[in-house]
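Chain residues, written in single-letter form:
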Amino acid sequence: MDRSKKEALVAELRETFETSSLVVVTSQSGMTVSEVSDLRQKMRDAGAGYKVTKNTLVKLALKGTKFEHLDEVFTGPTAIAFSKDPVAAAKVVTDYRRSNEKISVVAGGLDGSGLDAAQVDALAKLPSLDELRAKLVGVIQAPATKVAGVLQAPAGQLARVFSAYGSSN
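Notes on the structure in this doc start here. (Residues numbered from 1 in each chain as written. Predicted model: local features only at pLDDT ≥ 70, side-chain atom pairs only at ≥ 80, totals over all residues. Heavy atoms only, no water.)

**Topic: the overall build of the protein**
Selection criterion: The way it works is that DSSP assigns letters per residue, a run of H or I at least four long becomes a helix, a run of E at least two long becomes a strand, and they are numbered from the N terminus. We call a residue buried when its accessible area falls under 20% of the maximum for its residue type, exposed when it is over 50%, and partly exposed in between, using a 1.4 Å probe and counting protein chains only. Here, residues are in contact when the closest pair of their heavy atoms is within 4.5 Å.
What the protein contains, in helices and strands, is 6 helices and 5 strands. When the elements of the protein are put in sequence order from the N terminus, they spell out α-β-α-β-α-β-α-β-β-α-α. With 169 residues in all, the protein has 34% of them scored as buried. Counted over contacts in the protein with a minimum sequence separation of 6, partners at least 24 positions apart contribute 80%.

**Looking at the pairing of strand β4 (residues 103-110)**
Selection rule: A pair of strands is treated as paired once DSSP finds two or more bridges between them.
Two elements, strand β1 (residues 22-28) and β4, share 7 bridges in a ladder whose sense is antiparallel. Residue pairing for β4: Thr26 is matched across the bridge by Val105. Sheet analysis places β4 next to strand β5 (residues 113-116), joined by 4 bridges and oriented antiparallel. Each residue of the ladder has a partner; that of Ala107, found in β5, is Asp116. From the end of β4 to the start of β5, which pair antiparallel, there are 2 residues, and Asp111 there has a positive phi angle of about 45°.

**A look at the side chain of Ser21**
Mapped onto the fold, Ser21 is located in the loop between α1 (3-19) and β1. Here Ser21 falls in the buried class, since its relative accessible area comes to 9%. Discounting chain neighbours no more than four positions away, the residues touching Ser21 are Lys66, Phe67, Ser83, Lys84, Asp85, Pro86, Gly109, Leu110 and Asp111.

**Observations concerning the packing of aromatic side chains**
Each aromatic ring pair is described using two quantities: the centre-to-centre distance and the angle formed by the ring planes. To be explicit about the condition: For Phe, Tyr and Trp, rings pair up if their centres lie within 6.5 Å, where Trp contributes its six-membered ring, and each pair is then called stacked (planes under 30 degrees apart), edge-to-face (over 60) or tilted (otherwise).
The full count for this structure, using the stated rule, is 1 aromatic pair. Arranged with centres 6.3 Å apart and planes meeting at 55°, the rings of Phe17 and Phe67 form a pair that is tilted. Of this pair, Phe17 sits in helix α1 while Phe67 is found in the loop between α3 (55-62) and β3 (78-83), placing the two residues 50 residues apart along the sequence. The same class applies to Phe17 and to Phe67, which are both buried.

All quantities given are derived from atomic positions and should not be read as evidence of function.
Next comes the structure, spelled out in structure tokens:
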């Protein structure tokens, strides 16, 4: 790879680190191209990304970013999973790891805070932003539907009383 391509890749990685809120560093020894492609597709479906990286280039890209503390974990065959959603990448990696033991979580970073493998697993158990939004909308809508039901019940009973009174005369 020539110098200009390396510089472009470092700039792309730096942009990824600056726009992501979660980065998960994985060790993916022995994964086939089709397995990596499958994982990438699952990441894209979840709104996340996955890149097999060259450690020296990632270390250059990490300098000056909120994930600079991850510098020392880039040894051996590594890849990064990243997402703007604070749990999406962790969920996909954790789910994929259940069916493929060739991948493991090394460490992670959440908006500048360091995470170990156990913390990434715990993060993966949390609901995603979309799931939280859906729950919030449900909580907000529930009282409105209950109020509407309560308000309609007396009117319905009153209508039945009038109907019964009108038919008896």
